[in-house]
Amino acid sequence: MKPHVYLFLLAVIFPFIGMGQGMQQMNAAEIKQGLEALEVTGSVLYVAAHPDDENTRLLAWLAKEKKVRTGYLSLTRGDGGQNLIGNEQAELLGLIRTQELLAARRTDGAEQFFTRANDFGFSKNPEEAFRIWDKQKILADVVWTIRKFQPDIIITRFPEDARAGHGHHSGSAILAHEAFKAAADPKQFPDQLKYVKPWKVKRILWNTFNFGGNNTTSDDQLKLDVGSYNALLGKSYGEIAAESRSNHRSQGFGSARQRGSGLEFFAAVDGEPAKSDIFEGIDFSLGRNPGYTAVKNLLAEINSEYQVSDPSKSVAKLLQLKELTKDKAFKHSLLDDLILACAGIWLESAAGSPSFALGQPVNVRVQAIARVSPGFSYPINVTETNTGASFNLKPNQFYAQDKQLAASNASVTQPYWLEKEHGAGTYVVEDQQKIGLPETPVGLSGNFKVSIGGQVIEKELPVVFKYTDQVRGEVYQPLVIAPPVTATLADKAFVFNGTETRKISVALKSFAGKATGTVQLALPQGWKSNPEKISFSMTEKGELHMAEFLVTSSGSITSGTLQVSVSTDGKAFRQGLHVISYEHIPVQTLFPLAKADVHRIDLKLAGKRIGYINGAGDLVAASLKQIGYEVTNLSPAQAISNDLSGFDAIVTGVRLYNVSDQLAEMQPRLMKYVEDGGNLVVQYNVNGPLRIDELGPYPFSLSRDRVTEEDAKVTFLVPKDPVLNYPNQISSKDFDGWVQERGLYFVGNMDQKYTPVLSMNDTGESAKNGALIVAGFGKGRYVYTGISFFRQLPAGVPGAFRLFVNLLSRPK
């Protein structure tokens, strides 16, 4: 009698499935890689500070050649970095970089973990990082990851000293070293022991490097050649590494494929010494544990008998292996995936719409197929117990049924680390089990139970939404569970000039279909809203309605918070809507609190018309529109060919000189504009690569100087210079309340025709005079600034607005 396969498809609310991806079918080569990996035990954890810090070539080699379980722990999500592809900053940039990391891991085969640390920006020493992060809290997270992942070896990317080049970098190495010891000590973080056990790592190593002009490698260090070629995959690990690293598009890290031998160097940090091999004294075979002889023998048979042209021939012995290992420590999840892959089984639960309102039932299409030849031995039955979907699968026949899922227990889609408000240093995550996860555990999912010859395989897959794009083809994205109505503000901060009255628009969107209710604003004491409340009525899902309030910044309070509240169906909701959409990552949808900072400032304007040439992406132009400027966004072609004389000032967006291919044609036009009496303000660029050599009318160079302390003292070098006096009188108070940093990539050497206006420095460092320079050229004025206006203006920092207005204004 033939073994019987019985497959259940149960759609449930499942808490540990991620992102909007369909079930990934392994090809024959990948199945073979997986079968070989079943013969290997052990794991390696790589530790650094940010997305893109990791050594993707080493990770790929460990995962796909050594076939050990490989993980990368990035302390932060890269929230404080720069963005080369758009205007997202802070938490939104962290979301993008998280997804880029996950794409990199899908390429190189490693797993991804994080701590609760927020990337608050560049840090010059670990002491500052530890103070802002709360060192013990982040140390606990590293210990937690070690105890869960149970690595045999820990490898750090950076050393514990200044050679790391960044306080976060050296801080990651220090924390990894301390966690190496603490993870084995049951007295350290004992609350974790409700879920995990202490874990002793054999050794910790530093993966030394030779980049950035800093060579920390030496011949007496341990070495690995990780440049080998994987014939099954048709790529060397240098090629896989380049594909992995090139996922970091927001950071501009597209990489060339490397082929041939490639050495990695390692220095001992702590633990059992190794003389010739970083894996010395570690048995990665199944023989490291007693009682696995039969398992080893069966696996040897499976691997030797595997047929690339017909993986289904391996199913019978894989089922034997599942029975043999059911009570043993083993790669059970990988084994289950291999059985499904060899049996050609594909399953999916796809929603009929990209979003549903909280509490609404979700329409889904349940689909299944077993892509095997007619001679495949096992009949397959599929039952979906929640909706009654039922299939009797025949070989290579596709089946689908439209059903409805109850989603009463689902919660609103939201990155788990952004569910609660947080400070500058760490995210607030109260559920210990979520700490370290790269994404929010998925709410609505399909729970597939596969029974083959008495063996049960469970496979949870998220309910996804997919559509066909005329250019991209079939596109998957995560299913969104939304509040019934969202209320979205256009900006994170609003600036009022004196006691002016200005219009604040709230974009209401219905996710529930018919929705009626009211929306109102909560304002700082003394501020007024007209009207106080606005009624709305929407009849269709996806319908938009604009509610417009006239807000007056009256009273004695000059700064505070504006909060939007929506009442519908007897409940109050205070969430906005933000969607991040790039082709290289899944669509990211989040529902931040519908609030904004509001500030009343004393601001004088001079001039009206501003031309803005976008660079890598920022929100400065939108901020200038807020305060009354007429801003025209100029394309490079318009800047080259249009008459620029009508603009009171032209501003270049951040990193324009790093990203624009048309600067060689544009720069002469901009210089001519200045020479004829115009006012050009050039915002920060990194010091390389630059698209042209000369950024201004006279020579100057960019350095890597920056001031990371947002409250660093600022000295006026030329107190009477117009940029400090017209039309606003700038004082030291204008530098209060800044966020993240003062500035970055300041001017280094400069022609004496330039006037440095400001001086500033971080604690213990020499003064930096290149944050803001001005020069007359012909009849006009040229300004270059490394001050981070791109952070300050969207945050509503009053003094930054006053100073930037002065840069735009030139006395006649």
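Our focus in this paragraph is the sheet that holds strand β36 (residues 609-613). Spatially, β37-β36-β38-β39-β48-β47-β45 is the arrangement adopted by the seven strands of the open sheet, whose pairing is mixed. Two strands bound the open sheet, and with one partner strand each, they are β37 (630-634) and β45 (755-756). In terms of strand pairing, strand β38 (residues 649-652) meets strand β39 (residues 679-682) through three bridges, oriented parallel. The residue bridging I650 from the neighbouring strand is L680, located in β39. Relative to the sheet, helix α16 (residues 798-808) contacts β36, β38, β39, β47 (772-777) and β48 (780-785), its axis offset from that of β39 by approximately 135 degrees.

Before going further, it helps to examine the packing of aromatic side chains. On inspection of all chains with the given rule, the structure shows 28 aromatic pairs. Judged by centre distance (4.4 Å) and plane angle (20 degrees), the rings of F209 and F211 are stacked. Take F211: its relative accessible area is 43%, and that puts it in the partly exposed class. Here the aromatic rings of F700 and Y754 are separated by 5.4 Å at their centres, their planes lie at 90 degrees, and the arrangement is edge-to-face. On the criterion of sequence distance, the pair formed by F700 in strand β40 (residues 700-702) and Y754 in the loop between β44 (747-750) and β45 is long-range, its members being 54 residues apart. When its relative accessible area of 11% is taken as the criterion, F700 is described as buried. Here Y754 falls in the buried class, since its relative accessible area comes to 3%. Taken together, the ring pairs connect Y698, F700, Y754, F777, Y782 and Y784 into an aromatic cluster. One residue, R245, lies across the ring of F253, its end atom 4.7 Å from the ring centre. Sitting over the ring of W738, R742 keeps its end group 5.3 Å from the ring centre.

Spatially, β4-β3-β2-β5-β6-β12-β9 is the arrangement adopted by the seven strands of the open sheet, whose pairing is mixed. The open sheet has two free edges, formed respectively by β4 (111-114) and β9 (222-225), since each of these has just one partner strand. Between one strand axis and the next, the sheet turns through 30 degrees on average, direction left out of account. Inspection of the sheet shows strand β2 (residues 43-48) paired to strand β3 (residues 69-74) by six bridges, in the parallel sense. Bridging across to β3, S43 finds its partner in R69.

A few words now on the nonpolar core. Core analysis: the largest hydrophobic core is formed by 75 residues, its most contacted members being L624, L758, Y784 and F804. Excluding its chain neighbours within four sequence positions, the residues that come into contact with L624 are I610, Y629, V631, L793, F804 and L808.

All right, on to the environment of S218 then. With respect to the helices and strands, the residue S218 is situated in the loop between β8 (214-215) and β9. Residues S218 and K528 lie 310 residues apart in sequence; the distance between their C-alpha atoms is 68 Å. With residues up to four places along the chain from it excluded, the contact list for S218 reads K223 and F265. Here the side chain of S218 touches D220 through a polar contact of 2.4 Å, side chain to side chain.

Next up on the list: the pattern of salt bridges. Within this structure, the stated rule accounts for 34 salt bridges. Residue R97 pairs with D52 through a salt bridge whose shortest N-O separation is 2.6 Å. Here R97, found in helix α3 (residues 90-108), pairs with D52, found in the loop between β2 and α2 (56-66); they are 45 residues apart in sequence, far enough to count as distant. With respect to class, R97 is no different from D52; both count as buried. With a shortest N-O distance of 2.6 Å, E111 and R69 are connected by a salt bridge. Of the two residues, E111 sits in strand β4 while R69 sits in strand β3, which places them 42 residues apart along the sequence. Judged by relative accessible area, which is 28%, E111 ranks as partly exposed. Take R69: its relative accessible area is 35%, and that puts it in the partly exposed class. Several salt bridges converge on common partners, so that one network encompasses K124, D762, E765 and K768.

What follows concerns α16. In an α-helix, one full turn covers 3.6 residues, which means residues spaced three or four apart are oriented alike. The buried fraction of α16 is high, at 10 of 11 residues. Those residues of α16 not exposed but buried are G799, A800, F801, R802, L803, F804, V805, N806, L807 and L808.

Time to look at unusual backbone geometry. That bond from N530 to P531 is cis: its omega, -5 degrees, falls within 30 degrees of zero. In this structure, P531 sits in the loop between β28 (528-530) and β29 (533-538). In this structure, P689 follows G688 across a cis peptide bond, with omega equal to 0 degrees. Secondary-structure assignment places P689 in the loop between β39 and β40. Positive phi, close to 55 degrees, is recorded for D569, a residue that is not glycine.

On to the packing of helix α9 (residues 315-324) against helix α10 (residues 332-342). Relative to each other, α9 and α10 sit at 160 degrees, their axes nearing to 10 Å. Relative to α10, the element α9 lies roughly antiparallel. Once α9 is placed against α10, the crossing between them reads as left-handed. Contact residues: V315, L318, L319, L321 and K322 in α9; L335, D336, L338, I339 and C342 in α10.

Per the counting criterion, the structure on display carries three cavities of 30 Å³ or more. Quantified by volume, the second largest cavity comes out at close to 50 Å³. Lining the second largest cavity, in full, are R77, T115, R116, Y416, W417, Y427, V429, I435 and G436. Among the residues forming the lining of the second largest cavity, the class breakdown is five nonpolar, two polar and two charged.

What follows covers the side chain of R655. Its location among the elements puts R655 in the loop between β38 and α13 (656-659). One buried charged residue, R655, forms no salt bridge at all, with the nearest opposite charge on D52 at 9.8 Å. Setting aside residues no more than four positions away along its own chain, R655 makes contact with Q82, L84, A616, Y684, N685 and V686.

To continue, consider helix α5 (residues 135-149). The terminal C-alpha atoms of α5, which comprises 15 residues, lie 21 Å apart, in line with the 21 Å expected from a rise of 1.5 Å per residue. Burial analysis of α5 places 11 of its 15 residues in the buried class, the great majority of the element. The complete set of buried residues in α5 reads I138, L139, A140, D141, V142, V143, W144, T145, I146, R147 and F149. Just beyond α5, the residue with positive phi is Q150, at close to 55 degrees.

Burial analysis of strand β13 (residues 345-351) places seven of its seven residues in the buried class, the great majority of the element. Burial along β13 is two-sided: I345, L347, S349 and A351 facing one way and W346, E348 and A350 facing the other are all buried. Examined bridge by bridge, β13 and strand β15 (residues 362-370) share seven bridges and lie antiparallel to one another. The partner of A350 across the bridge, within β15, is R365.

The rules behind these values
- Residues numbered from 1 in each chain as written.
- Predicted model: local features only at pLDDT ≥ 70, side-chain atom pairs only at ≥ 80, totals over all residues.
- Heavy atoms only, no water.
- Pairing = 2+ DSSP bridges.
- Helix = DSSP H or I, 4+ residues; strand = E, 2+ residues; numbered from the N terminus.
- Contact = heavy atoms within 4.5 Å.
- Axes fitted to C-alpha atoms, helices over the stretch in contact; angles between N-to-C directions.
- Phe/Tyr/Trp six-rings, centres within 6.5 Å; stacked < 30°, edge-to-face > 60°.
- Buried < 20%, exposed > 50% of the residue type's maximum accessible area, 1.4 Å probe, protein only.
- Lys NZ or Arg CZ within 6 Å of the ring centre and 35° of its normal.
- Core = buried A, V, L, I, M, F, W, Y, C linked by side-chain atoms within 4.5 Å.
- Polar contact = N/O pair within 3.5 Å; in protein donor to acceptor, adjacent residues only side chain to side chain.
- Salt bridge = Lys/Arg side-chain N within 4 Å of Asp/Glu carboxyl O.
- Parallel < 35°, antiparallel > 145°, perpendicular 65-115°, else oblique.
- Left-handed = near helix turned anticlockwise from the far one by under 90°.
- 1 Å grid on protein atoms, 1.4 Å probe; cavity = no way out; pocket = protein on both sides within 12 Å on 5 of 7 lines; lining within 4 Å.
- Points joined across faces, edges and corners; volume = space filled by probe spheres on them.
- Nonpolar A, V, L, I, M, F, W, Y, C, P; charged D, E, K, R; others polar.
- Lys, Arg positive; Asp, Glu negative; His and termini not counted.
- Expected span 1.5 Å × (residues − 1).

It is worth stressing that arrangement in space is one thing and function is another; only the former is reported here.
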